[in-house]
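Observations on the model geometry
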There are 2 protein chains.
Amino acid sequence: MSKVISVGIVGYGNLGRGVEAAIRQNPDMKLEAIFTRRNPESIDAGTPMVSISDIEQYKGKIDVMILCGGSAKDLPDQGPYLAQHFHTVDSFDTHALIPEYFQKVDDAAQSSGHVSVISTGWDPGLFSLNRLLAEAVLPEGKEYTFWGKGVSQGHSDAIRRVEGVRNGIQYTIPHEAAVERVRSGSNPELTTREKHLRECYVVLEDGADSEAVADEIRNMPNYFADYETIVHFVTEEVLRAEHSKMPHGGNVIRSGQTGQDNASTQLIEFSLKLDSNPEFTASVLVAYARAGYRLAQAGQKGAKTVFDVPFGLLSPKSPEQLRKELL
Amino acid sequence: MSKVISVGIVGYGNLGRGVEAAIRQNPDMKLEAIFTRRNPESIDAGTPMVSISDIEQYKGKIDVMILCGGSAKDLPDQGPYLAQHFHTVDSFDTHALIPEYFQKVDDAAQSSGHVSVISTGWDPGLFSLNRLLAEAVLPEGKEYTFWGKGVSQGHSDAIRRVEGVRNGIQYTIPHEAAVERVRSGSNPELTTREKHLRECYVVLEDGADSEAVADEIRNMPNYFADYETIVHFVTEEVLRAEHSKMPHGGNVIRSGQTGQDNASTQLIEFSLKLDSNPEFTASVLVAYARAGYRLAQAGQKGAKTVFDVPFGLLSPKSPEQLRKELL
């Protein structure tokens, strides 16, 4: 094994804790410090906790910073800022804003000579890789992405903004019938309603009108109106006991035609079934932290995405070992 | 789109014909010539057919040669030879000999300044990529590969060598129960017999003893003795009518643990369901031909595997387009 890679974590929520656990599974990496906006003395983590305002003091001491903040408020500033001082990896996941974010991080990383791998994780990330691969291999075909069963943070937040709702959570669930139609290779046209359904577990405020709440949720534009939406009312205790995990997953499926007269149907499917969405995203971040560090060692600089990173760099094994054991 | 990539096909069997069809689906590529050991005038393909002994005359006229010969007899010579004169891509698939083959092709390609992408296809190839990715992301876990339902050429050949057999074909079939046990995340220990079964369709010679033939097949060491093997006897007509296609496929599944106390189970699965094994392998070869050409344009040389190629190079789209549309 080559030199141990020293890693910093920026942001200590679910994702940051997932990265902390994932680093323990990778003996070629060492967690140096965790950077937080909170008072570092208020957190007990078994690792040096440092105020994010002191992060520049760690230049030269940390090989890669793993950015574990949110895409809405943290990364748009932290990504370009930290790329000036460190190699970084993040899971920026606001699809529509990726080109703009890429540009800002690239500007910073190019001029400082760092490598920043952006938008890793599973979607964007592993799902994106499979969309690209399947499209390149089967150009005459159709791609489908199904998400779930899993908790959607955005939809859960939308439920909690409804008047009369004290708490709630939303699961996105793919319609198994739609998945099977896609797997049959028939390349169906599927409506939004045919692909996914939405299941909500809602805790009401005292005295709230359950009918009115359910109605408002089901008819909420963008979030629920285009879907079959099931609303269950539960107590706070049930919500905590049965719905506090963060499972997720999904499938990227492409079916395409090949051969003379396009007579053969070929199906490529990539799927994930995750007990913990943040822990899995964290595991992907750690593998890409290794790759980002190696790209930098090879003299590269600038912003990179999963599309730019050869898989060989993700593994601690040598190219010889990989060819012998995994090819 | 950038310059059209001119491609040559070496070997015009099932795989070569698949590549010919796949190139028609990729407008950034043009098939220049097909090279064959047969008399080129005996073949009518709508593309210039050229004797392989004249292939060096095409230096400078062809950007990438796609090698469609077999791994046992053709590629061990053709791979290193053609890497002296062209950028190449192949689907060398004798797993145990890959390190040696890599070395020979690398020596030739390094000294001539060419890029040779070896061992593409789906296994080795896409399956290998998924084994690597899943192991890098979930280091504490276990990987399973299931093959089929599909025709195994080696096992079909073994059947045909049995005395009293006129013709025959063998399907490798994964045990669905084993696949489901793996998907459950329980990381079972599976024996050879538990993972796959083998189903044979056999045409007997006139007067052959069906019991004796079935017995010999079922007890053949290495090929069948370790499996549940089902032998059907059919007529030559049935064999041709119902068993002349070359379907295949399979699943690479890794289940691993993450988080504090490894409490979460995460499952990554990649699967293929192919009407035509050679046509799909051909489609993968064509995508890697594009990538190999681009690696060469970027100044690289030597032998490469799928582990060395960033996915972005597989697609005709620009990096900007890929980030916008597929990330």
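Residues numbered from 1 in each chain as written. Chains lettered and ligands numbered in written order. Predicted model: local features only at pLDDT ≥ 70, side-chain atom pairs only at ≥ 80, totals over all residues. Heavy atoms only, no water.

Formally: UniProt positions are given in the numbering used here, feature names are shortened, and annotations may be inferred rather than shown by experiment.
If you look chain A up in an unreviewed UniProt entry, it shows as Meso-diaminopimelate D-dehydrogenase from Cohnella silvisoli. The Pathway (unreviewed entry) field of the UniProt record for chain A holds the comment "Amino-acid biosynthesis; L-lysine biosynthesis via DAP pathway; DL-2,6-diaminopimelate from (S)-tetrahydrodipicolinate: step 1/1." The Sequence similarities (unreviewed entry) comment attached to chain A in UniProt states, word for word, "Belongs to the diaminopimelate dehydrogenase family."

**Details of the packing of aromatic side chains**
All names here are of chain A. Quick note on the threshold: Side-chain rings of Phe, Tyr and Trp (the six-membered ring for Trp) are treated as a pair once their centres are within 6.5 Å; stacked means planes under 30 degrees apart, edge-to-face means over 60, and tilted covers the remaining angles. Numbering of helices and strands starts at the N terminus; helices are DSSP runs of H or I of at least 4 residues and strands are runs of E of at least 2. Relative accessibility thresholds used throughout: buried, under 20% of the residue-type maximum; exposed, over 50%; partly exposed, between the two (1.4 Å probe, protein chains only). Both a distance and an angle decide whether a charge sits over a ring: NZ of Lys or CZ of Arg must be within 6 Å of the ring centre and within 35 degrees of the ring normal.
Taken as a whole, this structure holds 11 aromatic pairs over all chains when the rule is applied. Their ring planes at 85 degrees and their centres at 5.0 Å tell us that Phe35 and Tyr58 sit as a pair that is edge-to-face. You can see Phe35 sitting in strand 2 (residues 29-36) and its partner Tyr58 sitting in the loop between strand 3 (49-51) and strand 4 (64-67), a full 23 residues away along the chain. Residue Phe35 shares its accessibility class with Tyr58, and that shared class is buried. Aromatic rings pair up to connect Trp122, Phe127 and Phe270 into one cluster. Residue placement shows Lys61 over the ring face of Tyr58; its charged tip is 5.3 Å from the ring centre. A cation over an aromatic ring shows up here: Lys149 above the ring of Tyr171, its NZ or CZ 4.9 Å from the ring centre.

**Some thoughts on the environment of Ser71(A)**
All names here are of chain A. Filter applied, for reference: Contacts: residue pairs with any heavy atoms within 4.5 Å of one another. Between N or O atoms, a polar contact is any pair within 3.5 Å; within protein, one atom must be a potential hydrogen donor and the other a potential acceptor, and residues adjacent in sequence are included only when both atoms are from side chains.
Relative to the elements of secondary structure, Ser71 occurs in the loop between strand 4 and helix 2 (75-83). Overall, Ser71 belongs to the buried group, its relative accessible area being 12%. Residues Ser71 and Ser91, 20 residues apart in the sequence, show an inter-C-alpha distance of 7.7 Å. Dropping the residues within four chain positions of it, Ser71 is found in contact with Pro76, Ser91, Phe92, Asp93 and Thr94. A polar atom in the side chain of Ser71 sits 2.8 Å from the side chain of Asp93.

**Details of the UniProt feature "domain: Meso-diaminopimelate D-dehydrogenase C-terminal" (unreviewed entry) in chain A**
In the numbering used here, UniProt assigns the feature "domain: Meso-diaminopimelate D-dehydrogenase C-terminal" (unreviewed entry) to residues 121-276 of chain A. For residues 121-276 of chain A, the helix share is 31%, the strand share is 36%, and the end-to-end C-alpha distance is 13 Å.

**A word on the pairing of strand 13 (residues 264-274) of chain B**
The side chains of a regular strand alternate between the sheet's two faces. Convention followed: For two strands to pair, DSSP has to find at least two bridges joining them.
Taking burial as the measure, the 11 residues of strand 13 of chain B include 9 buried ones, the bulk of the element. In terms of strand pairing, strand 13 (residues 264-274) of chain A meets strand 13 of chain B through 9 bridges, oriented antiparallel. Bridge assignment links Leu272(A) to a residue of strand 13 of chain B, and that residue is Ile268(B). Both strand 12 (residues 248-258) of chain B and strand 13 of chain B contribute to a ladder of 11 bridges, which runs antiparallel. Across the sheet, residue Gly256(B) finds its bridge partner in strand 13 of chain B, namely Gln266(B). Connecting strand 12 of chain B to the antiparallel partner strand 13 of chain B that follows it, the hairpin turn spans 5 residues, and Gly259(B) within it adopts a positive phi of roughly 90 degrees.

**A few points about the interface of chain A and chain B**
Rules: Buried area counts how much accessible surface, traced with a 1.4 Å probe, disappears from two parts once they are put together, with both parts' losses summed. Salt bridges are counted wherever a side-chain nitrogen of Lys or Arg sits within 4 Å of a carboxyl oxygen of Asp or Glu.
Across the contact, 67 residues belong to chain A and 67 residues belong to chain B. For the pairing of chain A and chain B, the buried interface totals around 5,800 Å² over both sides, and the portion due to carbon and sulfur atoms is 59%. It is Gln25(A), Phe311(A) and Leu327(A) in chain A that bury the most area against chain B; as a group they hold 14% of the surface buried on that side. Seen at the junction of chain A and chain B, the total is 2 salt bridges. The closest approach of N and O atoms between Glu135(B) and Lys317(A), which form a salt bridge, is 3.0 Å. Remark: the boundary between chain A and chain B carries 35 residue pairs in polar contact (both at pLDDT 80 or more). Of all the secondary structure elements, the ones that give two or more residues to the side of chain A that touches chain B are helix 1 (14-24), helix 3 (98-112), helix 4 (126-137), strand 12 (248-258), strand 13, helix 10 (277-297) and helix 11 (319-325) of chain A. Broken down by element, the residue count for the side of chain A that touches chain B peaks at 11 residues, all from strand 13 of chain A.

**Brief notes about helix 5 (residues 153-160) of chain A**
Residue and element names in this part refer to chain A. Where we set the bar: By definition, the arc is the one covered by directions from the helix axis to the C-beta atoms.
Every buried residue of helix 5 is listed here: His155, Ser156, Ala158 and Ile159. Seen along its axis, helix 5 keeps its buried residues to an arc of 160 degrees; they face one direction. Tucked into the core, helix 5 has its buried residues touching strand 8 (150-151), strand 9 (165-174), strand 10 (196-204) and helix 8 (210-218).

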